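# An overview of the molecular structure
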Number of protein chains: 2
Amino acid sequence: MAKSRAAFRLPKRDYEARVPALRADLVQMQVDLQHAPFPVLLVVAGDEAAGKGEIVNLLNGWLDPRGVETFAFHAPTDEERERPPMWRYWRCLPPRGRMAIYAGGWHTDALAEDPHTPAEFAHFRATLRRLAHFEHLLAADGALIVKLWLRLPKEAQRARLRELEEDPDTAWRVTPADWQSHRDYDRRAELAADMRRATHRPGAPWHVIDAIDSRARNLTVGETLLARFRTHLRAQKKVPRPAKPRRITPLRPAGREKLLALSLDQVLSEESYQLKRDKWLGRLNRAVRSAAERGRSIVWVFEGWDAAGKGGAIRRLTSAIDARDCRVIPVAKPTDEEKSHHYLWRFWRHVPRAGRVTIYDRSWFGRVLVERIEGFCREDEWRRAFGELNDFEQQLTEHGIIVLKFWLQLSREEQLRRFRHREETDYKRHKINAEDWRNRRQWPAYEIAVGDMLALTQHAGAPWHLVPADNKRHARLEILKVSCKQIAAALGE
Amino acid sequence: MAKSRAAFRLPKRDYEARVPALRADLVQMQVDLQHAPFPVLLVVAGDEAAGKGEIVNLLNGWLDPRGVETFAFHAPTDEERERPPMWRYWRCLPPRGRMAIYAGGWHTDALAEDPHTPAEFAHFRATLRRLAHFEHLLAADGALIVKLWLRLPKEAQRARLRELEEDPDTAWRVTPADWQSHRDYDRRAELAADMRRATHRPGAPWHVIDAIDSRARNLTVGETLLARFRTHLRAQKKVPRPAKPRRITPLRPAGREKLLALSLDQVLSEESYQLKRDKWLGRLNRAVRSAAERGRSIVWVFEGWDAAGKGGAIRRLTSAIDARDCRVIPVAKPTDEEKSHHYLWRFWRHVPRAGRVTIYDRSWFGRVLVERIEGFCREDEWRRAFGELNDFEQQLTEHGIIVLKFWLQLSREEQLRRFRHREETDYKRHKINAEDWRNRRQWPAYEIAVGDMLALTQHAGAPWHLVPADNKRHARLEILKVSCKQIAAALGE
């Protein structure tokens, strides 16, 4: 065996002759990356003993370590366990212009599921679909994703483990579990092949690299990364800039029709409101505590016209929830750290821990509302977003998070009344500015975008609640009632 | 008792008459805060059953919840336990223009130490000193810190607990531990008084508020916050803006003298270097693994002249460390999230978990170097920083983190050679720009600032290592050697 392997080995002097140019190219890549509009995600995965750790360390040696960060996913921390599984990967994403190396990647976590029963296989396949979606999402946003699988055949693995064992300096690295895994080689290899097939997609393909000859392996890794980077950089330069659309045409006219059909003439006296409100606030308080006791988190999402009363509705809600367990996230202009990540990153950041509450005052739906209308993103981006948003919410609900989505519907006349009232009232004047008036002129465009949003992001796990909001009291009560009911239903009460 | 207490109660109608104006003022405060150059930290602490939770929720009801975040410190998560105790508070600091409410604050965590033995008391006092320092640090940076202690006398506490027990809706809130704590009232009250004395400082005073009458308590809380805010806002407007100093005068000339006395004429042949390097890289690898096995983290800090070889030295270091356990943090222009916090916040963010390594390429010492020289901060700020930096490092070392600080000393002639070489070399040109030349002209000023830094931030727990860097090979070897030795000493090897 040793002999036949030797035949395939890249001679040391050839290797050493080629490395300097490769290193120089890689460092130049990092310089170019600094000004590139995308991040680089490099996954280094592979068979046991194929040299994943060596490659990660080699690249860190070749590259300038100041421009790259390496992540290895050990056992999840409790802060990670209390969130949907993908949260730990989202928090390790590099910003545009930077690079991350993932030792093992999320794929190794998935393979650790080591499925045997049909139920376990079903779970495994669901995990893989989620990973494929995650990568698709990032790739579509422009990220360069390079996934390497270092392949080591069974015989070579045995030889490599023996070699490590025989050297006193490396013997500690070989554990009984490694030999156990070696005996199970065929099954594991098949599982890994399944995994690669399920996550091999345009924008995130696998590169299977022969790891028998470590010198050839090293060069192939560097060259693969470089080639992908160069192609990607060229392609990204051709991506058109977003532009403000000339007109907005509906994708699903039924959504807008439903919105317009909503009756807005509710009446509710102050006394009647107060009486009912206190009852529902009490119920809400119990419902939220009941959810917390079971470790279930709650996410409220408030969208609606300017001056529709989102802030007031949120204040009524929070008055019934222990402030110590609740965060309100006002979604306005992103910070520069947020801008340099995928648009969903800023929302993933605030996903609550087990038993806690996050209230988003405006939300991820900005992607298909203001960003669509103002042309802050391209048409293909907002079109794709409907599916991305649904998937994001599905990840929340699958983790047991209760997601409550409200659209506060206002008549254009009532908005005008409220704008004027704000302008005339000293302590409300700060709540109105030129942008509000500009948005108001876009009313018909927003009606179309809102209609599409309601129709295309409506799903059983996180249904939209349309709330007539011309009457503030009625709207607040409606929100309380609907929230109580949806929480009770989610808890099976 | 009930009768005599009744005599002191604020009548409900008086209360209700005063609340609306107070609420309006508080909301106006939030509007003003948005543009204020400081954050607001409100601590709500107090005796058991004095209504801390009620106050926190009341304020969340009175305020616009979108401008305030509430934190309660439950049992630390594992990510928190693996860092110095103050890390969990640093991560919950609001940015300028925002407000945080701390239910119980860090003070309640300190009181939970519940000291009995002399050793426990010594630990308790050390905790209090740390808290006082933390608050002093934030207050000096302009933060408004309002600390409320809700006081409930023993008799009133008993009455309140009984009252809660008798109401079926609140009975669950009274636990045997509450009665236990009640029987221990006097000792606990004394401990709390000690805590308040130890943390009652200008800029972070305690306001002890009588909590017997809940209506009077509520008004006092709101009015206290408001009064402190208004005074603070006026005072902050008078704080002078930083300005570039006309000349730099040394605080500790001995530091600069020591720097200049350093011999820079080391010679080391390439062969001799390679031989020794590999030996020391091996040792470093073992030392870092040995530290990791004991859960000890390592922080490297690299400071030095432009082109002194920090990057190269860091690459040699990282070549001996498993990249999966190591992060390199290049410290350049802060992000806007970083700018809106205390200057140490961006360094606290990256403090490593147990057994991990963080390498800072430039660091917190920028405060007393570039910020001092360019006038990015005021004189009182950089003068105060020496103590703040020492304290920060002390917190790291007390937690068991090994802190290795290097200053790479270069001659002005050698810097010129390297600058020119960079300009002449294609793949190095990106490493030099106009700012480097500007900094170079400031050489004498930097010599003074560096000298002061070396003299004033030199301490046994985290000593400075001055490394002659005109000879790159010698410098790299020196860094490896010194690192190995300091790690071994810290591990008691």
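Residues numbered from 1 in each chain as written. Chains lettered and ligands numbered in written order. Predicted model: local features only at pLDDT ≥ 70, side-chain atom pairs only at ≥ 80, totals over all residues.

### With respect to the overall build of chain A
Note the threshold: Counting from the N terminus, the helices are DSSP H or I runs at least four residues long and the strands are E runs at least two residues long. Three classes are used. A residue is buried when 20 or more other C-beta atoms lie within 10 Å of its own, exposed when 12 or fewer do, and partly exposed in between, with C-beta atoms placed from the backbone. Note that contacts rest on C-beta atoms placed from the backbone: two residues are in contact if these are within 7 Å.
In terms of helices and strands, chain A carries 22 helices and 10 strands. Principal-axis analysis of the C-alpha atoms places the extent of chain A at approximately 90 × 50 × 40 Å. Counting all 493 residues of chain A, 36% fall into the buried class. Here the analysis covers contacts within chain A between residues at least 6 apart in sequence; of these, 82% occur between residues at least 24 apart.

### Overview of the sheet that holds strand β2 (residues 68-72) of chain B
Residues and elements named next belong to chain B. Rules: Any two strands are treated as partners once DSSP identifies two or more bridges connecting them. Angles run from 0 to 180 degrees between N-to-C directions of axes, and those axes are lines fitted to C-alpha atoms, restricted for helices to the stretch in contact.
In space, the five strands of this open sheet follow the order β2-β3-β1-β4-β5, with parallel pairing throughout. Strands with a single pairing partner mark the edges of an open sheet, and in this sheet they are β2 and β5 (206-210). Neighbouring strand axes in the sheet, compared pairwise and without regard to direction, differ in orientation by 20° on average. As paired elements, strand β1 (residues 40-46) and strand β4 (residues 144-151) share seven bridges and run parallel to each other.

### Details of the pairing of strand β6 (residues 298-304) of chain B
Residue and element names in this part refer to chain B. In terms of burial, β6 is a largely internal element, seven of the seven residues being buried. The alternating pattern of β6 places I298, W300, F302 and G304 and V299, V301 and E303 on opposite faces, both of which are buried. Sheet topology note: the β6/strand β8 (residues 357-361) ladder contains five bridges and is parallel. Bridging from a neighbouring strand, F302 pairs with D361 of β8. For β6 and strand β9 (residues 402-409), the ladder comprises seven bridges, and the chain directions are parallel. Among the inter-strand pairings, I298 is bridged to a residue of β9, identified as I402.

### A word on the packing of helix α14 (residues 310-318) of chain A against helix α22 (residues 472-490) of chain A
All names here are of chain A. Selection rule: Angles below 35 degrees are treated as roughly parallel, those above 145 as roughly antiparallel, those between 65 and 115 as roughly perpendicular, and all remaining angles as oblique. If you view the pair so one helix is near and one far, a crossing is left-handed when the near helix is turned anticlockwise from the far one by less than a right angle, and right-handed when it is turned clockwise. Basically, the charged four are Asp, Glu, Lys and Arg, the nonpolar ten are Ala, Val, Leu, Ile, Met, Phe, Trp, Tyr, Cys and Pro, and anything else, Gly included, counts as polar.
Where α14 contacts α22, the axes come no closer than 10 Å and their chain directions differ by 45°. The angle between α14 and α22 places the two elements in the oblique class. Here α14 and α22 pass one another in a crossing that is right-handed. When α14 is examined against α22, the residues G312, A313, R316 and L317 are found in contact with a partner set consisting of K472, A475, R476, I479 and L480. Looking at the contact of α14 with α22 residue by residue, the classes come out as five nonpolar, one polar and three charged.

### Quick look at the packing of helix α12 (residues 253-261) of chain A against helix α21 (residues 443-456) of chain A
Residue and element names in this part refer to chain A. Running from N to C, α12 and α21 cross one another at 105°; their axes reach a closest spacing of 7 Å. Classified by the interaxial angle, the pair formed by α12 and α21 is roughly perpendicular. Each of A254, G255, R256, K258 and L259 in α12 lies in contact with α21, whose residues at this interface are E447, I448, V450, G451, D452, L454 and A455. Tallied by class, the residues present in the contact of α12 with α21 amount to six nonpolar, two polar and four charged.

### So, unusual backbone geometry
Residue and element names in this part refer to chain A. Backbone geometry at R362 places phi at a positive 70°, although glycine is not the residue there. By secondary structure assignment, the location of R362 is in the loop between β8 (357-361) and α17 (370-374). Taking the number of C-beta atoms within 10 Å as the measure of exposure, R362 has 17 and is therefore partly exposed.

### Considering the domain arrangement of chain A
Residues and elements named next belong to chain A. Worth spelling out the cut-off: Segment limits for the domains were obtained from an automatic or database-derived domain assignment.
Along its sequence, chain A is carved into domain 1 (2-237) and domain 2 (253-490). Each of domain 1 and domain 2 has a C-alpha centre, and these two points are 41 Å apart. Breaking the side of domain 1 that touches domain 2 down by element, the ones donating at least two residues are α5 (87-90) and α7 (118-140). Here the side of domain 1 that touches domain 2 takes four residues from α7, the largest share from any one element. Tallied by class, residues from the side of domain 1 that touches domain 2 come to nine nonpolar, one polar and five charged.

### Here we look at the pairing of strand β3 (residues 99-103) of chain B
All names here are of chain B. Here β3 lies mainly inside the structure; four of its five residues are buried. In terms of strand pairing, β1 meets β3 through five bridges, oriented parallel. When the sheet's bridge partners are listed, L42 is paired in β3 with I101. Pairing geometry for β2 and β3, over five bridges, is parallel. Bridged to V68 within β3 is M99.

### What about the interface of chain B and chain A?
At the junction of the two partners, chain B supplies 36 residues and chain A supplies 36 residues. Elements supplying a minimum of two residues to the side of chain B that touches chain A: α2 (12-34), α3 (52-62), β2, α4 (78-81), α14 (310-318), β7 (326-330) and α15 (336-339) of chain B. Looking at the side of chain B that touches chain A, the element that brings in the most residues is α3 of chain B, giving five residues. Looking at the side of chain B that touches chain A residue by residue, the classes come out as 12 nonpolar, 12 polar and 12 charged.

### A closer look at the nonpolar core
Worth spelling out the cut-off: The nonpolar core is taken to be a set of buried Ala, Val, Leu, Ile, Met, Phe, Trp, Tyr and Cys residues joined by way of C-beta atoms within 7 Å.
If you look at the biggest cluster of nonpolar residues, it comprises 224 residues, and the most contacted ones within it are L42 and V44 of chain A together with L42 and V44 of chain B. Aside from chain neighbours lying at most four places away, what touches V44 of chain A is K52, I55, V56, I101, Y102, A103 and L148 of chain A.

### Notes on the relation of the copies chain B and chain A
As a reminder, the rule being used: Least-squares superposition of the copies uses the C-alpha atoms of those residues scoring a pLDDT of at least 70 in each of them.
When chain B is fitted to chain A, the residual RMSD is 0.0 Å, and the transformation amounts to a turn of 180° plus an axial shift of 0.1 Å. In the structure described here, the two chain copies are related by an operation that fits a two-fold rotation axis. A share of 100% of interface residues in chain B that are also interface residues in chain A marks the association as one of identical surfaces.

### Observations concerning the environment of D322 of chain A
Structurally, the position occupied by D322 of chain A is in the loop between α14 and β7 (326-330). Considering only alpha carbons, one finds D322 of chain A and N285 of chain A, 37 residues apart in sequence, at a separation of 8.2 Å. Sequence-distant contacts of D322 of chain A, that is, excluding residues within four places in its chain, are made with G53 and N57 of chain B.

### Observations concerning the sheet that holds strand β10 (residues 464-468) of chain B
All names here are of chain B. On the basis of which strands lie adjacent, the open sheet formed by five strands has the order β7-β8-β6-β9-β10 and parallel pairing. Lying at the two open borders of the sheet, with one neighbouring strand each, are β7 and β10. Mean inter-strand twist for the sheet, computed between neighbouring axes without regard to direction, equals 20°. Those strands touched by helix α22 (residues 472-490) are β6, β9 and β10, and its axis lies near 160° from that of β9.

### Side note on α14 of chain B
For α14 of chain B, the set of buried residues is K310, A313, I314, R316, L317 and T318 of chain B. Elements that come into contact with the buried residues of α14 of chain B comprise α3 (52-62) of chain A together with β6, β7, β8, β9 and α22 of chain B.

### With respect to the confidence of the model for chain A
The test is simple: A residue's pLDDT is the confidence the predictor assigns to it, expressed on a 0 to 100 scale.
Across chain A, the average pLDDT comes to 94, with 98% of residues at 70 or higher. For the stretch residues 1-6 of chain A, pLDDT sits under 50, and the model shows three contacts to residues farther than four places along the chain or on other chains.

### Some remarks on the environment of R88 of chain A
Looking at the element boundaries, R88 of chain A is found in helix α5. Sequence-distant contacts of R88 of chain A, that is, excluding residues within four places in its chain, are made with F73, P76 and E80 of chain A.

### Section: the environment of D265 of chain A
Residues and elements named next belong to chain A. Here D265 lies in the loop between α12 and α13 (270-293). Judged by local crowding, D265 falls into the exposed class, with 9 C-beta atoms found within 10 Å. Sequence-wise, D265 and S411 are 146 residues apart; in three dimensions their C-alpha atoms are separated by 9.8 Å.

### Details of helix α21 (residues 443-456) of chain B
Each full turn of the α-helix corresponds to 3.6 residues, which orients residues three or four apart in the same direction. Residues and elements named next belong to chain B. Applicable threshold: Expected span, for any helix, means 1.5 Å times one less than how many residues it has.
End to end, α21 covers 20 Å across 14 residues, agreeing with the expected 20 Å (1.5 Å per residue, within 8%). Within the span of α21, buried status applies to I448, A449, V450, G451, D452, M453, L454 and A455. Buried residues in α21 make contact with α12 (253-261), α17 (370-374), β9 and β10.

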